[in-house]
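# Architecture at a glance
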Amino acid sequence: MKLVFATQNKNKFIEISKLIPKGYELSNLLDLNFHEELPENQLTLEGNASEKAKFVYDNFSVNCFADDTGLEIEALNGRPGVFSARYGGESKNPELNILKVLNELKGIANRNAQFRTVISLWLNDKEYFFEGIVKGEIIKEKIGSGGFGYDPIFIPKGYSKSFAEMNLEEKNKISHRAIAFNKLKLFLENL
Ligand code: IMP
């Protein structure tokens with residue numbers, strides 16, 4: 001079966017390709033010759049993942065999945081959430097995003113947070129959702145040089161290292177994205 005992962009991120013595509021079971025022919029937006037930004041106008045992770053997958057499903061008539069991820073901080077009522085990429089400004093600068101979060105959490109004792117990934121799969125006119133959550137806490141200053149985004153200020157529950165101190169293999173064992181994509185993998189294996 002032909003299946004599209006609605007992403008332009010080559011690294012993400014390579015990583016996820018390894019998970020997709022045999023029997024699926026996986027392609028991405030570049031393979032479809034689509035180089036524009038996908039619509040992402042919704043106010044929830046579910047809404048954005050769904051909008052992206054449905055756009056490709058409708059315009060290219062092919063089964064498709066898309067993901068959306070956000071950092072949800074309890075004391076900030078779930079922010080930055082769906083606004084994670086641009087929290088510090090349109091430049092999508094991770095340093096500015098982190099700075100804004102740390103400023104907003106100054107003097108606040110509750111540091112509970114979670115990363116949440118949502119995948120929407122549009123398959124033969126039906127939609128399926130898969131979710132992955134990793135809970136943890138936001139520390140007061142950055143630690144570690146690996147990873148990306150908010151990794152330097154997030155320590156997953158039960159660990160003493162930030163995501164940015166873990167290598168990719170360690171992070172991928174427990175990450176929100178890994179959990180969500182493993183659910184998708186199981187679903188596809190059992191179709
Ligand atoms: P996306 O939906 O995967 O593009 O993620 C949206 C934004 O969430 C990214 O631009 C990052 O700011 C943040 N983010 C997503 N996944 C991670 C992660 O694994 N670590 C740190 N930040 C992340």
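Now for a description of the structure that goes with this document. From a predicted model like this one, the values you see are computed outputs, not experimental measurements.

### A short note on the site of the ligand
Looking at the ligand, there are 13 residues lining it, with Thr69, Asp151, Lys171, His176 and Arg177 nearest. In the model, an oxygen atom of the ligand is placed 3.1 Å from a nitrogen or oxygen of the Asp68 side chain. The contact in question runs from an oxygen atom of the ligand to an N or O atom on the backbone of Thr69, over 2.9 Å. The fraction of the free accessible surface of the ligand (480 Å²) that becomes covered by protein chains is 84%.

### As for the side chain of Arg111
Along the chain, the position of Arg111 falls in the loop between helix H3 (94-104) and strand S4 (112-123). With sequence-adjacent residues up to four places away left out, Arg111 is seen in contact with Leu102, Leu105, Gly136, Glu137, Ile138, Ile139 and Lys140.

### Some points on the packing of aromatic side chains
Under the criterion given, the structure shown has eleven aromatic pairs. Following the ring pairs from residue to residue traces out a cluster consisting of Phe5, Phe65 and Phe181. Across the ring face of Trp122, the terminal group of Lys54 is positioned such that the distance to the ring centre comes to 5.0 Å. When the ring centre of Tyr87 is taken as reference, the NZ or CZ atom of Lys100 above it lies at 4.2 Å.

### Overview of the pairing of strand S5 (residues 126-138)
Sheet topology places S4 next to S5; twelve bridges connect them, and they run antiparallel. In the sheet register, Ile119 faces S5, and the bridge partner there is Phe130. Where S4 folds back onto S5 in an antiparallel hairpin, the turn is made up of two residues, including Asn124, whose phi is positive at roughly 45 degrees. Sheet analysis places S5 next to strand S6 (residues 154-156), joined by three bridges and oriented antiparallel.

### As for the pattern of salt bridges
One pass over the full model with this rule turns up 14 salt bridges. Between Arg116 and Glu131 there is a salt bridge, with the nearest N and O atoms lying 2.8 Å from each other. Of this pair, Arg116 sits in strand S4 while Glu131 sits in strand S5, and the two are 15 residues apart along the sequence. Under the relative-accessibility criterion, Arg116 is labelled buried at 11%. Classification of Glu131 as partly exposed rests on a relative accessible area of 32%. Linking Lys185 and Glu189 is a salt bridge whose minimum nitrogen-to-oxygen distance equals 3.9 Å. In this pair, Lys185 and Glu189 both sit in helix H5 (residues 176-189), four residues apart, roughly one turn of the helix. Residue Lys185 is classed as partly exposed on the basis of its relative accessible area of 26%.

Rules used throughout
Residues numbered from 1 in each chain as written. Predicted model: local features only at pLDDT ≥ 70, side-chain atom pairs only at ≥ 80, totals over all residues. Heavy atoms only, no water. Near = heavy atom within 4 Å. Polar contact = N/O pair within 3.5 Å; in protein donor to acceptor, adjacent residues only side chain to side chain. Areas by Shrake-Rupley, 256 points an atom, 1.4 Å probe, with all protein chains shown as cover. Helix = DSSP H or I, 4+ residues; strand = E, 2+ residues; numbered from the N terminus. Contact = heavy atoms within 4.5 Å. Phe/Tyr/Trp six-rings, centres within 6.5 Å; stacked < 30°, edge-to-face > 60°. Lys NZ or Arg CZ within 6 Å of the ring centre and 35° of its normal. Pairing = 2+ DSSP bridges. Salt bridge = Lys/Arg side-chain N within 4 Å of Asp/Glu carboxyl O. Buried < 20%, exposed > 50% of the residue type's maximum accessible area, 1.4 Å probe, protein only.

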